[in-house]
Amino acid sequence: MKKFIPVASPFINHLEAKAVYRTIKSGWISMGRKVEEFEDRVCKYVGCKYAIGMNNGTSTLDALLTAMNITEQDEIIVPSLTYIASANVVQYKKAKLVLCDIDPATFNTNVEYIKKKITKKTKLIIVTDMKGMPVDYDSFTKLSKMYRIPIIGDSAESFGALYKGKKVGSQFLAHSFSFFANKNITTGEGGMILTNNLSLYKKLKIIRNQGQQGRYNHVVLGNNYRMTDIQATIGIEQLKKLNKILKSKERVAKNYFKKFHKMEGVLLPFIPTYVSQHSWYNFAIKVNSKIRNKLVNYLKKKGIETRMSFPCIHTQAYYVKKFKYKKNDFPNSSKTFDQLIDLPIWAGLSLKNQSFIVSSIKKFFNKN
Ligand SMILES: *Cc1c(COP(=O)(O)O)cnc(C)c1O
């Protein structure tokens, strides 16, 4: 059989299957007690008051914008290097998307770039924890207070990460998480919002369930964003494994650091001191943009799957057509994207396979 090392792989087995079997046998498979249990467990794990489980991460962001009454008159600031969902939700509300550039060292945006984009119409700032590394929350919280503009965290990738010793999920007004198959824990498709704000929590529960307050009494324009008990059952089992998953990924990351430390041509990720624990959703290295695609193809031929990260929002066809963006409008984002490669990282990736990945990259650089 030909060798194949995937870029990500869910840490899932008979334990999830058995739990799902029990849920199915119980006769209740749509949103019910299991969703509540999963929400409670996540709250305890993160150290946050309220959680709202949903059908995917994109829904959580969309529901947050609904809860915050975002309209066509509002401007929302979003980093230009992020997953498409963070920008798309702004389009669903027909609000004005205001993109801002990122710091090439962290792949995250920072307050300096955001500040430049704030106007009287700025109603909300969405900040992404790229690759699973928290942004500098304290600096953003200060900014939020100073300008009285709420910030929500697109923390889809940073579940389990620690910022200054505290789990990601309670730093901003709300944090959005995804449990897609390649995230640190998965429910197949799934998402969750965490917040300490009671009124926001109450609104979100109504929005998640078709805007219903009491049966068939629809008080706001909601949607069907419900998580199923089947998803939640998988999530509960996954959550029990999260510390193990994080430890295993940390070991993989440390090993990459050790092996790439002195390799010419490979730039390792930079981790600021405020990050006490990276979630290692991705392990992204930077290489010369001129050889990036060649390296990706070289590794592919060896059975090593990699990813080129998300292309910038301002280079996506829909956005180019709508806003006439040029590639150089957000130069750090474009330049960073051109250099990035996500290497395989997942709980259970063997040292042997990791050595093969590293030696293949070394061979590539010796030849090129
Ligand atoms: C995964 C992800 C999402 C949400 O994804 P879904 O597939 O809708 O669960 C949002 N933002 C970022 C940055 C992501 O990585």
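Nothing here was measured: the structure is a model prediction, and the numbers come from that model. (Residues numbered from 1 in each chain as written. Predicted model: local features only at pLDDT ≥ 70, side-chain atom pairs only at ≥ 80, totals over all residues. Heavy atoms only, no water.)

**Student:** Honestly, the pattern of salt bridges in this entry has me stumped. Any pointers?
**Tutor:** Where charged atoms from two side chains of opposite charge come close, those side chains can pair. All chains considered together, the criterion is met by 13 salt bridges. The residue Lys241 makes a salt bridge to Glu16 at a minimum N-O spacing of 2.8 Å. Of this pair, Lys241 sits in helix α8 (residues 229-260) while Glu16 sits in helix α1 (residues 14-26); the two residues are 225 residues apart in sequence, bridging distant segments of the chain. Judged on exposure class, the residue Lys241 and its partner Glu16 are both buried. The partner of Lys164 in a salt bridge is Asp138, and the shortest N-O contact between them spans 2.6 Å. Here Lys164, found in the loop between β6 (162-163) and β7 (166-167), pairs with Asp138, found in helix α6 (residues 137-147); they are 26 residues apart in sequence, far enough to count as distant. (Salt bridge = Lys/Arg side-chain N within 4 Å of Asp/Glu carboxyl O. Helix = DSSP H or I, 4+ residues; strand = E, 2+ residues; numbered from the N terminus. Buried < 20%, exposed > 50% of the residue type's maximum accessible area, 1.4 Å probe, protein only.)

**Student:** Is there a simple way to think about the site of the ligand in this case?
**Tutor:** The full set of residues close to the ligand is Asn56, Gly57, Thr58, Tyr83, Thr128, Asp154, Ala156, Glu157, Ser178, Lys183, Gly190 and Phe310. Here Thr58 contributes a side-chain N or O atom positioned 2.5 Å from an oxygen atom of the ligand. Take Lys183: an N or O atom from its side chain is 3.3 Å from an oxygen atom of the ligand. For the ligand, whose free accessible area comes to 380 Å², the fraction covered by protein is 94%. Looking at the shell around the ligand residue by residue, the class counts come to three nonpolar, six polar and three charged. (Near = heavy atom within 4 Å. Polar contact = N/O pair within 3.5 Å; in protein donor to acceptor, adjacent residues only side chain to side chain. Areas by Shrake-Rupley, 256 points an atom, 1.4 Å probe, with all protein chains shown as cover. Nonpolar A, V, L, I, M, F, W, Y, C, P; charged D, E, K, R; others polar.)

**Student:** What exactly am I supposed to notice about the domain arrangement of the chain here?
**Tutor:** Looking at the chain, the domain boundaries give domain 1 (14-237) and domain 2 (243-367). Each of domain 1 and domain 2 has a C-alpha centre, and the two are 25 Å apart. In this assembly, 41 residues from domain 1 lie in contact with 38 residues from domain 2. When the two sides are added together, the surface that domain 1 and domain 2 hide from each other amounts to roughly 3,300 Å², 60% of it contributed by carbon and sulfur. Note that Lys131 and Asp342 form a salt bridge whose closest N and O atoms lie 3.0 Å from each other. Class assignment for the residues of the side of domain 1 that touches domain 2 results in 23 nonpolar, eleven polar and seven charged. (Domains from an automatic or database assignment. Contact = heavy atoms within 4.5 Å. Buried area = accessible area lost by both parts, 1.4 Å probe.)

**Student:** Hey, could you run me through the side chain of Arg292 in this one?
**Tutor:** As for its placement among the helices and strands, Arg292 is situated in helix α9 (residues 289-301). The buried charged residue Arg292 lacks any salt bridge, with Asp338 as its nearest oppositely charged partner at 4.3 Å. (Lys, Arg positive; Asp, Glu negative; His and termini not counted.)

**Student:** What is the right way to look at the pairing of strand β9 (residues 191-195) in this model?
**Tutor:** Looking down a regular strand, the side chains alternate between one sheet face and the other. Burial runs high along β9: five of the five residues are buried. Burial along β9 is two-sided: Gly191, Ile193 and Thr195 facing one way and Met192 and Leu194 facing the other are all buried. Direction of pairing for strand β1 (residues 50-54) relative to β9: antiparallel, over a ladder of five bridges. Residue pairing in the sheet places Tyr50 in a bridge with Thr195 of β9. Bridge count for strand β8 (residues 174-178) against β9 is five bridges, and the pairing is antiparallel. Looking at the pairing, Phe177 lines up with Met192 of β9. (Pairing = 2+ DSSP bridges.)

**Student:** I'm lost on the packing of α8 against helix α12 (residues 351-367) in this one. Help?
**Tutor:** Packed helices, taken two at a time, are described by the angle between their axes plus the distance between the axes. Interaxial distance between α8 and α12 falls to 11 Å at its minimum, and their mutual angle equals 35°. Along this stretch, α8 crosses α12, giving a crossing that reads as right-handed. Counting all contacts with α8, which are made through Arg251, Val252, Asn255, Tyr256, Lys259 and Phe260, the residues of α12 involved are Leu351, Gln354, Ser355, Ile357, Val358 and Ile361. Residues that form the contact of α8 with α12 fall into these classes: seven nonpolar, three polar and two charged. (Axes fitted to C-alpha atoms, helices over the stretch in contact; angles between N-to-C directions. Left-handed = near helix turned anticlockwise from the far one by under 90°.)

**Student:** Just checking my understanding: could you explain the sheet that holds β7 for this structure?
**Tutor:** Picture the strands of a sheet paired through backbone hydrogen bonds; they go either parallel or antiparallel. Pairing within the open sheet is antiparallel, and its three strands lie in the order β7-β6-β10. Strand pairing shows two members of the sheet lacking a second neighbour, β7 and β10 (275-277), which therefore form its edges. Sheet analysis places β6 next to β10, joined by two bridges and oriented antiparallel. Its bridge partner lying in β10, Tyr163 is registered against Val275.

**Student:** Can you help me understand the nonpolar core in this one?
**Tutor:** Side chains of nonpolar character tend, in soluble globular proteins, to be buried together. Residues Phe38, Ile125 and Phe159 are the most contacted members of the largest nonpolar core, which totals 43 residues. Only α2 (33-46), β3 (96-100), α5 (111-115), β4 (122-128), α6, β9 and α8 provide two or more residues apiece to this core. Taken domain by domain, this core gets at least three of its residues from each of domain 1 (14-237) and domain 2 (243-367). Counting residues in each nonpolar core, the second largest holds 33 residues, with Leu64, Ile126, Tyr319 and Tyr325 among its members. (Core = buried A, V, L, I, M, F, W, Y, C linked by side-chain atoms within 4.5 Å.)

**Student:** Can you walk me through the environment of Val252 in this structure?
**Tutor:** Mapped onto the elements, Val252 comes out in helix α8. Val252 sits in the buried class, given a relative accessible area of 0%. In this view, Val252 contacts Pro344, Ile345, Trp346, Leu349 and Gln354; residues no more than four positions away in its chain are not counted.

**Student:** Please clarify how the layout of surface pockets should be interpreted in this entry.
**Tutor:** If a probe as big as a water molecule is rolled over the atoms, it shows which places are left empty. In this structure, the largest pocket occupies an estimated 520 Å³ of space. Together, 30 residues line the largest pocket, and Tyr83, Asn182, Lys183, Tyr281 and Phe310 are the ones closest to its centre. Broken down by secondary-structure element, the contributors of at least two residues to the lining of the largest pocket are α3 (57-67), β8 and β12 (340-343). A per-element tally of the lining of the largest pocket places α3 first, with three residues. For the lining of the largest pocket, the per-class residue count stands at 13 nonpolar, ten polar and seven charged. Taken domain by domain, the lining of the largest pocket gets at least three of its residues from each of domain 1 (14-237) and domain 2 (243-367). Of the volumes computed, that of the second largest pocket is approximately 330 Å³. Forming the walls of the second largest pocket are 14 residues, and the residues nearest its centre are Met31, Lys205, Arg208, Asn209 and Gln212. Taken together, the elements giving at least two residues each to the lining of the second largest pocket come down to α2 and α7 (198-208). When residues of the lining of the second largest pocket are assigned to their parent elements, the largest contribution, four residues, is made by α2. By residue class, the composition of the lining of the second largest pocket is three nonpolar, five polar and six charged. (1 Å grid on protein atoms, 1.4 Å probe; cavity = no way out; pocket = protein on both sides within 12 Å on 5 of 7 lines; lining within 4 Å. Points joined across faces, edges and corners; volume = space filled by probe spheres on them.)

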